[in-house]
Amino acid sequence: MSTAWHAMDKEATLQTVKSSPNGLSGEEAKRRLAEYGYNELKEKKRRTSLQMFLEEFKDIFILLLIAATVFSVIIGYYELMRNPEVGFLEAYANPIIIGIIVILVAVAGFVQEYRAEKAIEALKKLAAPKARVLRDGKETMVFAREVVPGDLLVFEAGDTIAADARILEAIELKTDEAILTGESTPIDKNLDTLKPEAPTADRKNMLFMATHTIYGRGKAVVVSTGMNTEFGKIAEMVQTA
């Protein structure tokens, strides 16, 4: 779902996600889980360290450098054959230098990709392990990966938010969104309807996956899960880069 949820009032949000103030039924939650998938960050197919390193040599820039190295070796060989007085290092200086550059570029690319793989693992650890939701009108503790759009989250100070959600009830609510926006000070949350163009950092009627409630309590209806959340978009950009 790519709707401007922060621009809707809470009644319209509930209607759009086909939910209610009592949350979803257990059966409906199961159906939506099958439809939307688990609420978790998805990793692209993992590669071994050797595969990542070897794939660096498929880059067009690396291939051009390798070709230049080969030509330099050939030129150095004929120069050495023509004039034996030319020293080995002098004849092969260019291919040696280019070869070093190839290795350095490949190593740099490998390190970046390796760090990106580790970054995804770190991001997954920041997600909430469990969440309190309303199912069949009753407060229930479920695994965060089983939260679906339309679920009603119930949260208080100290809780990690399991998914992106539109706030329905906020009592002196403040959250820490530094992990998402870089804002280190607590964010006061409310129910006000905002303009569609409001940036993520200004969406004070929304809660976001992996952020923390540091004061107050409230309820919110889940509108996005997994890779469709703002946190999931960051994970996607890290893997794509």
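Residues numbered from 1 in each chain as written. Predicted model: local features only at pLDDT ≥ 70, side-chain atom pairs only at ≥ 80, totals over all residues. Heavy atoms only, no water.

Enquirer: When you look at the pairing of strand S4 (residues 164-176) in this model, what are you seeing that I'm missing?
Expert: Bridge analysis of S4 against strand S7 (residues 212-224) gives 10 bridges, and the strand direction is antiparallel. Opposite alanine 165, over in S7, you have valine 222 as the bridge partner. As paired strands, S4 and strand S6 (residues 206-207) are joined by two bridges and run antiparallel to one another. Looking across to S6, one finds that arginine 166 is bridged to methionine 206. The pairing of S4 with strand S5 (residues 187-188) spans two bridges and is antiparallel. Pairing of lysine 174 across the sheet is with aspartate 188, part of S5. (Pairing = 2+ DSSP bridges. Helix = DSSP H or I, 4+ residues; strand = E, 2+ residues; numbered from the N terminus.)

Enquirer: It is not clear to me how the environment of glutamate 90 should be interpreted in this structure. Could you clarify?
Expert: Topologically, glutamate 90 is positioned in helix H5 (residues 88-91). Classification of glutamate 90 by relative accessible area gives exposed; the value is 58%. (Buried < 20%, exposed > 50% of the residue type's maximum accessible area, 1.4 Å probe, protein only.)

Enquirer: Would you take a moment to explain the packing of helix H6 (residues 93-126) against helix H8 (residues 230-240) for this structure?
Expert: Each pair of packed helices can be summarised by the angle the axes make with each other and by the distance between the axes. Contact pair H6 / H8: the axes reach a minimum separation of 9 Å and the direction vectors enclose 165°. By the criterion of interaxial angle, the relationship of H6 to H8 is roughly antiparallel. For H6 against H8, the interelement crossing comes out left-handed. In this structure, H6 contributes Ala116, Ala119, Ile120, Leu123 and Leu126 to the contact, and H8 contributes Phe231, Ala235, Val238 and Gln239. (Axes fitted to C-alpha atoms, helices over the stretch in contact; angles between N-to-C directions. Parallel < 35°, antiparallel > 145°, perpendicular 65-115°, else oblique. Left-handed = near helix turned anticlockwise from the far one by under 90°. Contact = heavy atoms within 4.5 Å.)

Enquirer: Honestly, the pattern of salt bridges in this entry has me stumped. Any pointers?
Expert: Side chains that differ in charge, positive against negative, can pair when their charged atoms come close. Scanning the model with the defined rule gives 12 salt bridges in all. Arginine 132 serves as the salt-bridge partner of glutamate 156, at 3.9 Å between the closest nitrogen and oxygen. Remark: arginine 132 occurs in strand S1 (residues 130-135) and glutamate 156 occurs in strand S3 (residues 152-156); sequence separation between them is 24 residues. Linking aspartate 188 and lysine 174 is a salt bridge whose minimum nitrogen-to-oxygen distance equals 3.9 Å. (Salt bridge = Lys/Arg side-chain N within 4 Å of Asp/Glu carboxyl O.)

Enquirer: Which parts of the structure should I look at to understand the pairing of strand S2 (residues 138-143)?
Expert: Pairing between S1 and S2: six bridges, direction antiparallel. Opposite arginine 132, over in S2, you have methionine 141 as the bridge partner. With antiparallel pairing between neighbouring strands as the criterion, S1 and S2 make up a hairpin whose turn holds two residues, including aspartate 136 at a positive phi of roughly 55°.

Enquirer: In this structure, what is going on with the side chain of threonine 229? I would like to understand it.
Expert: Along the polypeptide, threonine 229 turns up in the loop between S7 and H8. At a separation of 2.9 Å, a polar atom in the side chain of threonine 229 contacts the main-chain amide nitrogen of glycine 232. Excluding residues that lie within four positions of it along the chain, threonine 229 makes contacts with Asp164, Met209 and Ser224. (Polar contact = N/O pair within 3.5 Å; in protein donor to acceptor, adjacent residues only side chain to side chain.)

Enquirer: Is there a simple way to explain the nonpolar core in this structure?
Expert: Among soluble globular proteins, nonpolar side chains are generally buried collectively. Counting residues in each nonpolar core, the largest one holds 17 residues, and the members touching the most others are Val147, Leu153, Phe155, Ala162 and Leu207. When residues of this core are traced back to their parent elements, those giving at least two are S1, S3, S4 and S7. Per-element tally for this core: the top contributor is S4, with three residues. Dropping the residues within four chain positions of it, leucine 153 is found in contact with Ala131, Arg132, Val133, Val147, Ile161, Ala162, Ala163, Ala165, Gly218, Lys219, Ala220 and Val222. With 13 residues, the next largest nonpolar core counts Trp5, Met8, Val17 and Leu134 among its residues. (Core = buried A, V, L, I, M, F, W, Y, C linked by side-chain atoms within 4.5 Å.)

Enquirer: Looking at this model, I keep getting lost on a nonpolar patch on the surface. Mind explaining?
Expert: A surface patch of nonpolar side chains, amounting to about 1200 Å² of accessible area, comprises Ile60, Phe61, Leu63, Leu64, Ile66, Val70, Phe71, Ile74, Ile75, Tyr77, Tyr78 and Met81. Within the secondary structure layout, leucine 64 lies in helix H4 (residues 60-82). (Patch = residues over 30% accessible without salt bridge, like charges linked within 9 Å, V, L, I, M, F, W, Y side chains within 5 Å. Areas by Shrake-Rupley, 256 points an atom, 1.4 Å probe, with all protein chains shown as cover.)

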